[in-house]
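# Coordinate analysis (summary)
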Amino acid sequence: MKRKSAGILIYRFAGKDLEVLLVHPGGPFWAKKDIGAWSIPKGEFDEEEEPLEAAIRELKEETGLTVSGDFIPLEPVKQKSGKLVIAWAIEFDCDPEQVTSNFFEMEWPPNSKIIKIFPEVDKAAWFNLEEASQKIIPGQFPILMELASVVKK
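The following paragraphs examine the structure supplied in this document. Note that the coordinates shown come from a computational prediction; the quantities given were computed from them, not determined experimentally. (Residues numbered from 1 in each chain as written. Predicted model: local features only at pLDDT ≥ 70, side-chain atom pairs only at ≥ 80, totals over all residues. Heavy atoms only, no water.)

### With respect to the side chain of E62
Summarising the element assignment, E62 is placed in helix α1 (residues 51-63). Buried within the structure, E62 lacks any salt-bridge partner; its nearest side chain of opposite charge belongs to K42, at an N-O separation of 6.4 Å. Non-local contacts of E62, meaning those with residues more than four positions away in its chain, are made with V23, P41, K42, V99, T100, S101, N102, E120 and V121. (Helix = DSSP H or I, 4+ residues; strand = E, 2+ residues; numbered from the N terminus. Buried < 20%, exposed > 50% of the residue type's maximum accessible area, 1.4 Å probe, protein only. Lys, Arg positive; Asp, Glu negative; His and termini not counted. Salt bridge = Lys/Arg side-chain N within 4 Å of Asp/Glu carboxyl O. Contact = heavy atoms within 4.5 Å.)

Here is the structure:
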C-alpha cells in the first residue's frame, strides 16, 4: 500500500503579506537541520479514515490546535520518499509559542537499549512565502505555491 499523509497548511495575512505556519520535526535526526526540514502539520492515515478527518486529527496531535471552517483542498504532492501528501489550507491565527505536540519513543542512541521520548514537533513558526520556500521539505514546496495562487487579500 502506498504511504499517504494528510495535513493542514495554516495561513494568515500580516498586513498584505501571506504567512504560513510550519512545524519542525522533533527527535535526534532533525535536531540540527533547518533548511529543507520544516513541514506542514501532517501524518499518515489508513484507508478507513477520511483524509480531511486525518488532517484535522494530525494537526491537533502535532500542534494542539483545533481548527474548523472552510478548508481549501490543495493538489496532492509526492515527496521524494514516495509518500503522497494530501493537504488542505485554512486561514487561522495562533501563537506558535503555544504549540504543543504529542510524543514518540525511540531507542537513542541506536543500539543502546535506552528508550528516550521526543516531541513529534519541537517548534512551530510563521514564515512569509519566501522564507517558507527555503525552510519546507522540498516535496511540499508545490503546496506553498498553490496556496499563493488560490488565496488573495
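### As for the pairing of strand β2 (residues 17-25)
Across the nine residues of β2, eight count as buried, placing the element largely inside the fold. When strand β1 (residues 4-14) meets β2, the two strands line up antiparallel, connected through five bridges. Across the sheet, the residue bridging to R12 is E19, located in β2. Counting the residues that bridge the hairpin from β1 to β2 gives two residues, and of these G15 lies at a positive phi of roughly 70°. (Pairing = 2+ DSSP bridges.)

### Brief notes about unusual backbone geometry
Residues apart from glycine generally show negative phi values, whereas peptide bonds are mostly found in trans. The peptide bond linking W108 to P109 adopts the cis configuration, its omega dihedral lying at -5°. Checked against the element boundaries, P109 lands in the loop between β7 (103-107) and β8 (115-119). Although it is not a glycine, K113 adopts a positive phi angle of roughly 65°. Its place among the elements puts K113 in the loop between β7 and β8. Judged by its relative accessible area of 74%, K113 is exposed.

### Topic: the environment of D122
Residue position: D122 is located in strand β9 (residues 121-128). In this structure D122 comes out as partly exposed when scored by relative accessible area, which is 39%. For the pair D122 and A31, spaced 91 residues apart in sequence, the C-alpha separation works out to 8.8 Å. If near-sequence neighbours (up to four positions away) are discounted, D122 is found in contact with H24, P25 and G26. Separated by 2.8 Å, the side chains of D122 and H24 make a polar contact. (Polar contact = N/O pair within 3.5 Å; in protein donor to acceptor, adjacent residues only side chain to side chain.)

### Observations concerning the pattern of salt bridges
The final tally for this structure, using the stated rule, is nine salt bridges. Here E49 ties to R57 by a salt bridge, and the two come within 2.8 Å at their closest N and O atoms. With a closest N to O distance of 3.4 Å, E61 and R57 form a salt bridge. Taken together, the residues span about one helical turn, with E61 and R57 both in helix α1 at a distance of four residues. Exposure remark for E61: the relative accessible area of 29% places this residue in the partly exposed category. Residues joined by salt bridges that share partners form a network here, namely E49, R57, E58 and E61.

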